[in-house]
Structures are given as structure tokens and as C-alpha cells.
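# Per-entry structural report
Take a look at the letters that make up each chain.
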Amino acid sequence: MGRIIFASTNEGKFNEIYLHLKSFKIDVEFVKLETVEIQSNNLEEIALDKSKEAYKKIGRPLIVEDTGLFIDSLKGFPGPYSSYALGTIGNQGIIDLLLNRTNRSALFRSIVAYYDSNNNIAFCGDAKGTISHHITQGGWGYDPIFIPEGSAATYAELGITNKIGISHRTHALNNFAKWYCENHS
Ligand code: IMP
């Protein structure tokens, strides 16, 4: 099919994206690139801006991806601030915030933003779940504390292959791949 770039600093994300888009015959190349992120409460706005900034530097068709973890009983926190929250309070901090809360529901949202000389489009994917009571082994980011709906295990415990089968990022990538294959055959 085609070859596109995934611009990011996160190799964990690239591994998942590469494996999944391979099934659509879309070849993905990793370009390690740090972009300045705009301050916004809107994940889509952040991802679209990031794709534009990345295109200015790379000049080839590319995708970027932005994720947020939205916890119901914390009124959607950390949401667009998920990276900052993980780097500061960490997974244990999130578990501590939920101490004595009965509602542990959360939503993982992924936005994949595509940019080329003619298009700048965002594709969304969600995964509902709950926050675990303990940090589990393995995975990366919030994987050790996010239990997807219909599972008894966290993303970390499920491992990469099972995670790719159901994850928020996979849903966003499916929407992207459908559009990409229809428009680049
Ligand atoms: P960003 O999209 O890289 O800004 O991600 C925001 C935060 O969510 C970062 O701290 C990531 O480590 C974390 N994150 C992103 N995607 C995932 C995932 O699939 N599993 C667990 N944590 C994630």
C-alpha cells in the first residue's frame, strides 16, 4: 500500500502502530521527533497541531498520535495532562487519588492525526475500562493500572498482542487505515 512516517519520541507506541498497520499493508517508519505541544483541553486540537509541526520539519506524509486517560470520578483528570500526571504523581499517585472511591471507571482516548500536502485529518478511538487497585507488572505508561472492559487483566498483563487486539489506539488506527486505504489505493 503506502509508506508513512510515525513521528514521536515514544518507541512503545511505534511498536504497536507498526504491528497493527502492517495488517493493512501500510508500512510505517519511525522518526524520533520532539515537538512543542500546545496547551489545550482538546486532545484532537493538540494532535492536529502536532502533525502540522512535524510536517514542517519532516516534509513527508506522516501520522502523530496523542493519548489521554480520562478518569470519571476525577472529572476527566488527567485527560490531556496524562503525560504530566504520569511524570509527576505516577501510577501510584493515580491509585491514591482513587482511594475510597467506588467508581473507578476510566476512558482511554487516542487521536491519530494524519498530515500530507493535501490533508490534515484526525481519527479517534476509545477504550472503556477501570483503574486497578494495584500496579501490575510489565507494559508502559498507564498500562499497569488500566483494565479494559471485558477483561480481568490490565493492558500490561494482557501483553502487546492482546492489547493491540482491543486498545484505544487500535480503534483510532482502524479508522485511519480505512480512510487511508480508500484514498491511497
Ligand atoms: P502521549 O500521547 O504520549 O502524550 O501520552 C500521554 C501519556 O499517556 C503518556 O504518559 C504515555 O506514557 C501514556 N500513554 C499513552 N498511550 C498509552 C498506552 O497505550 N498505554 C499506557 N499509557 C499510555
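So, a few notes on the structure that sits alongside this text.

Each value, and the rule that gives it
Residues numbered from 1 in each chain as written. Predicted model: local features only at pLDDT ≥ 70, side-chain atom pairs only at ≥ 80, totals over all residues. Heavy atoms only, no water. Core = buried A, V, L, I, M, F, W, Y, C linked by side-chain atoms within 4.5 Å. Buried < 20%, exposed > 50% of the residue type's maximum accessible area, 1.4 Å probe, protein only. Helix = DSSP H or I, 4+ residues; strand = E, 2+ residues; numbered from the N terminus. Contact = heavy atoms within 4.5 Å. Salt bridge = Lys/Arg side-chain N within 4 Å of Asp/Glu carboxyl O. Axes fitted to C-alpha atoms, helices over the stretch in contact; angles between N-to-C directions. Parallel < 35°, antiparallel > 145°, perpendicular 65-115°, else oblique. Left-handed = near helix turned anticlockwise from the far one by under 90°. Near = heavy atom within 4 Å. Polar contact = N/O pair within 3.5 Å; in protein donor to acceptor, adjacent residues only side chain to side chain. 1 Å grid on protein atoms, 1.4 Å probe; cavity = no way out; pocket = protein on both sides within 12 Å on 5 of 7 lines; lining within 4 Å. Sits in = over half its atoms within 2 Å of the grid points. Nonpolar A, V, L, I, M, F, W, Y, C, P; charged D, E, K, R; others polar.

### Describing the nonpolar core
If you look at the biggest cluster of nonpolar residues, it comprises 17 residues, and the most contacted ones within it are Ile4, Leu21, Ile63, Tyr114 and Phe176. If you list the elements that add at least two residues to this core, you get strand E1 (3-8), helix H1 (11-22), strand E5 (105-115) and helix H6 (168-183). Here the element with the most residues in this core is H6; it accounts for six residues. The residues contacting Phe176, other than those within four sequence positions of it, are Ile4, Leu21, Ile26, Ile63, Val112, Tyr114 and Phe123. Core analysis: the second largest hydrophobic core is formed by 15 residues, Ile95, Ile131, Ile145 and Tyr155 among them.

### A few points about the pattern of salt bridges
The final tally for this structure, using the stated rule, is 13 salt bridges. Among the salt bridges present, the one from Arg3 reaches Asp27, with a minimum N-O distance of 2.4 Å. On the criterion of sequence distance, the pair formed by Arg3 in strand E1 and Asp27 in strand E2 (residues 27-32) is long-range, its members being 24 residues apart. Under the relative-accessibility criterion, Asp27 is labelled partly exposed at 30%. For the salt bridge of Glu65 with Arg169, the shortest nitrogen-to-oxygen distance reads 3.0 Å. Of the two residues, Glu65 sits in strand E3 (residues 62-71) while Arg169 sits in helix H6, which places them 104 residues apart along the sequence. On the basis of relative accessible area, Arg169 is assigned to the buried category, the value being 2%. Bridged by salt links that share partners, the residues Lys13, Glu16, Glu65, Asp143, Lys163 and Arg169 form one connected network.

### A few points about the packing of H1 against H6
Orientation of H1 relative to H6, taken along the N-to-C sense of each, is 45 degrees, at an axis distance of 11 Å. Accordingly, the angle class assigned to the pair H1 and H6 is oblique. In terms of crossing hand, the pair formed by H1 and H6 is right-handed. Of H6, the residues touching H1 (which contributes Lys13, Glu16, Ile17, His20 and Leu21) are Arg169, Thr170, Leu173, Asn174, Phe176 and Ala177.

### Side note on the site of the ligand
What surrounds the ligand is a group of 15 residues, the closest being Lys13, Thr67, Asp143, Lys163 and Arg169. Here an oxygen atom of the ligand and a side-chain polar atom of Lys13 are 2.8 Å apart. Residue Arg169 places a side-chain N or O atom 2.6 Å away from a nitrogen atom belonging to the ligand. Structurally, the ligand is housed in the largest pocket. Contributing elements (two or more residues each) for the shell around the ligand: E3, helix H3 (82-88) and H6. Here the residues of the shell around the ligand are counted per class, giving four nonpolar, five polar and six charged.

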